[in-house]
Amino acid sequence: MTTLRKAGWFVVLAVAMAGWMGALGSLRGVAEAGVIASHLSEAAGRSEDLAKIQLLLENKIVVQKLIDYGVSPEEAMAKVRAMNTQDLHRLASLTDRVAAGADSALGILIGIAILVILVLVILKLMHKDVVIR
């Protein structure tokens, strides 16, 4: 009988908490976000963006992909120079993401190493022996 009472209080507490979280979730606040404009001059910003894109176009993988699509790197750079400032800045900001993804192989290797160590630790805690031959 006492276990039934304990279970009853647990159910009542769980329902009360669920109702409370539902009530708090229905109250929505206002969140505002905006973009802060950079204070670079047009010429300085454009030259920096062109330099970023030129570095990307000098990458061997990008050059090979351009050739596969039938575009020479010189034609691509000429089209980049013909872009307006806003499109050029957007393309340059995308090159930052491409450069960030270049180190993902190292991240994958570190993740696999951590996973292997974690599995070994769990096996040791379960008193299992790991034998590598």
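Up top is the structure these notes are about.
If you're wondering where the values come from, they're calculated on a predicted model, not measured in any experiment.

1. Some thoughts on helix α4 (residues 73–81)
Move 1: For α4, the complete set of buried residues consists of Ala76, Met77 and Val80. Buried residues along α4 cover an arc of 95 degrees about the axis, so they all sit on one side. Of the residues in α4, the exposed ones pointing more than 90 degrees away from the buried face are Glu74 and Lys79.

2. Looking at the pattern of salt bridges
Move 1: Under the defined criterion, the tally for this structure stands at 1 salt bridge.
Move 2: As a salt-bridge pair, Asp87 and Arg90 come within 3.3 Å of each other at their nearest N and O atoms. Of this pair, Asp87 and Arg90 both sit in helix α5 (residues 85–101), 3 residues apart, which is roughly one turn of the helix.

3. Let's talk about the environment of Glu48
Move 1: Within the secondary structure, Glu48 is located in helix α2 (residues 42–57).
Move 2: Between the C-alpha atoms of Glu48 and His89, which are 41 residues apart in sequence, the distance is 9.0 Å.

4. Overview of the nonpolar core
Move 1: Grouped together as the largest cluster of nonpolar side chains are 9 residues: Leu50, Ile53, Leu57, Leu66, Ala76, Met77, Val80, Leu88 and Ala92.
Move 2: At the level of secondary structure, the elements contributing two or more residues to this core comprise α2, α4 and α5.
Move 3: Setting aside residues no more than four positions away along its own chain, Leu57 makes contact with Val62, Val63, Leu66, Ala76, Met77 and Val80.

5. Notes on the side chain of Asp49
Move 1: In this structure, Asp49 sits in helix α2.
Move 2: Within the buried set, Asp49 has no salt-bridge partner at all; the shortest N-O distance to an opposite charge, 5.1 Å, is to Lys52.
Move 3: Sequence-distant contacts of Asp49, that is, excluding residues within four places in its chain, are made with Leu88, His89 and Ala92.

What counts as what
What you see as residue numbers is a count from 1 along each chain, following the sequence as written. For a predicted model such as this one, the threshold for reporting local features is a pLDDT of at least 70, and the threshold for listing and counting side-chain atom pairs is 80 or more; totals across whole chains, interfaces and linings nevertheless cover every residue. Side-chain measures were taken over the full set of non-hydrogen atoms in the model, leaving aside hydrogen atoms and water. Each residue's exposure class comes from its accessible area (1.4 Å probe, protein chains only) as a fraction of the maximum for that residue type: buried when under 20%, exposed when over 50%, partly exposed otherwise. Runs of E in the DSSP output that reach at least two residues are strands. Runs of H or I that reach at least four are helices, and both are numbered from the N terminus. Taking the helix axis as origin, the arc is that swept by the directions to the C-beta atoms. We define a salt bridge as a contact between a side-chain nitrogen of Lys or Arg and a carboxyl oxygen of Asp or Glu at a distance within 4 Å. What makes a nonpolar core is a set of buried Ala, Val, Leu, Ile, Met, Phe, Trp, Tyr and Cys residues whose side-chain atoms join them at distances within 4.5 Å. Here, two residues are considered to be in contact whenever any of their heavy atoms come within 4.5 Å of each other. By the counting scheme adopted, Arg and Lys are positive, Glu and Asp are negative, and His together with the chain ends is not counted.

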